[in-house]
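Residues per chain, in single letters:
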Amino acid sequence: GQQLNQSPQSMFIQEGEDVSMNCTSSSIFNTWLWYKQDPGEGPVLLIALYKAGELTSNGRLTAQFGITRKDSFLNISASIPSDVGIYFCAGQRDSGSRLTFGEGTQLTVNP
Amino acid sequence: DAGITQSPRHKVTETGTPVTLRCHQTENHRYMYWYRQDPGHGLRLIHYSYGVKDTDKGEVSDGYSVSRSKTEDFLLTLESATSSQTSVYFCAISGGYKNIQYFGAGTRLSVL
């Protein structure tokens, strides 16, 4: 099945640094979602984007829906140790349709 | 976990044995999904349901069957478990605002 291209696959950063990750697709999506997964838990929704060009924030997290509808970006500012986990992007063509997931970005934050 | 309970949380079984995983929701959502998560593959859809007794295959459905006899329960069955089915299995539900999917805590299955 189709996968989204998510990069980077892993990141090792120092506490306080900013982080950027992105997802790209060859197909158009009408919804982009960003989830975070803590060890031993299920993915938790961070941000949902519904409109091309939309920029949405959730605390220190900011995500953007690419203008071409084929990509999305997630930024984390001033990282802290609890930001550690796997971040997944997901695209959805229509409400109720299947999600297509990226392979995830493993984030490690060194204190 | 958005009113989603997966059971069991951990299971170890032997090759060739049948295994059933349960997903129970208290949100009365229409859609329910089963995913598996493996290193290097992210989350892959096994089967999903769009209502009671209405199910369809996902991208990795071979070796799995599902049943949904009540809105709140979605069962995933491995008729004869194989080592390649060792994985972490996640249930998800959707049906609320914008049909966003919410995930359960997962079941870690080891097939020896």
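For the structure given in this document, a descriptive report is provided here. (Residues numbered from 1 in each chain as written. Chains lettered and ligands numbered in written order. Predicted model: local features only at pLDDT ≥ 70, side-chain atom pairs only at ≥ 80, totals over all residues. Heavy atoms only, no water.)

Listed by partner, the interface residues are 25 residues for chain B and 22 residues for chain A. Of the roughly 1,800 Å² buried at the junction of chain B and chain A (both faces included), carbon and sulfur atoms supply 52%. The tally of links between chain B and chain A comes to zero salt bridges. Between chain B and chain A we count four residue pairs in polar contact (both at pLDDT 80 or more) in total. Taken together, the elements giving at least two residues each to the side of chain B that touches chain A come down to strand S4 (31-38), strand S5 (42-51) and strand S10 (102-103) of chain B. The element that contributes the greatest number of residues to the side of chain B that touches chain A is S5 of chain B, accounting for five residues. (Contact = heavy atoms within 4.5 Å. Buried area = accessible area lost by both parts, 1.4 Å probe. Salt bridge = Lys/Arg side-chain N within 4 Å of Asp/Glu carboxyl O. Polar contact = N/O pair within 3.5 Å; in protein donor to acceptor, adjacent residues only side chain to side chain. Helix = DSSP H or I, 4+ residues; strand = E, 2+ residues; numbered from the N terminus.)

The full count for this structure, using the stated rule, is two disulfides over all chains. In this model, Cys-23 of chain A is linked to Cys-89 of chain A through a disulfide, with the two sulfur atoms separated by 1.6 Å. The S-S bond linking Cys-23 of chain A to Cys-89 of chain A shows a torsion near -80°; that makes this disulfide left-handed. With Cys-23 of chain A in strand S3 (residues 19-24) and Cys-89 of chain A in strand S9 (residues 85-92), the pair connects residues that are 66 residues apart, well separated along the chain. Two residues, Cys-23 of chain B and Cys-91 of chain B, share a disulfide whose sulfurs are 1.9 Å apart. (Disulfide = S-S within 2.5 Å.)

All right, on to the nonpolar core then. In terms of nonpolar packing, the biggest core is built from 21 residues, with Trp-34, Leu-74 and Leu-107 of chain A touching the most fellow members. When sequence neighbours within four positions are dropped, the list of residues in contact with Leu-107 of chain A reads Met-11, Ile-13, Val-19, Ile-76, Asp-83, Val-84, Gly-85 and Tyr-87 of chain A. (Core = buried A, V, L, I, M, F, W, Y, C linked by side-chain atoms within 4.5 Å. Buried < 20%, exposed > 50% of the residue type's maximum accessible area, 1.4 Å probe, protein only.)

Cis geometry marks the peptide bond from Ser-7 of chain A to Pro-8 of chain A, where omega comes out at -5°. Here Pro-8 of chain A shows up in the loop between strand S1 (5-7) and strand S2 (10-14). Omega for the peptide link from Ser-7 of chain B to Pro-8 of chain B comes to -10°, which places this bond in the cis form. Turning to its location among the elements, Pro-8 of chain B is positioned in the loop between strand S1 (4-7) and strand S2 (10-13). Phi is positive for Ala-78 of chain A, which is not a glycine, with a value near 45°. Overall, the relative accessible area of 36% leaves Ala-78 of chain A in the partly exposed class.

A few words now on the pairing of S5 of chain B. All names here are of chain B. The element S5 is largely enclosed, with a buried count of nine among its 10 residues. Sheet topology places S4 next to S5; seven bridges connect them, and they run antiparallel. When the bridges of S5 are listed, Asp-38 appears paired with Gly-42. The turn linking S4 back onto S5 is made up of three residues, and Gly-40 within it adopts a positive phi angle of 85°. Looking at chain direction, S5 and strand S6 (residues 54-57) are connected through four bridges and run antiparallel. Note that in S6 the partner of Ser-49 across the bridge is Thr-55. Between S5 and S6, which follow one another and run antiparallel, lie two residues, and Lys-53 among them has a positive phi close to 70°. (Pairing = 2+ DSSP bridges.)

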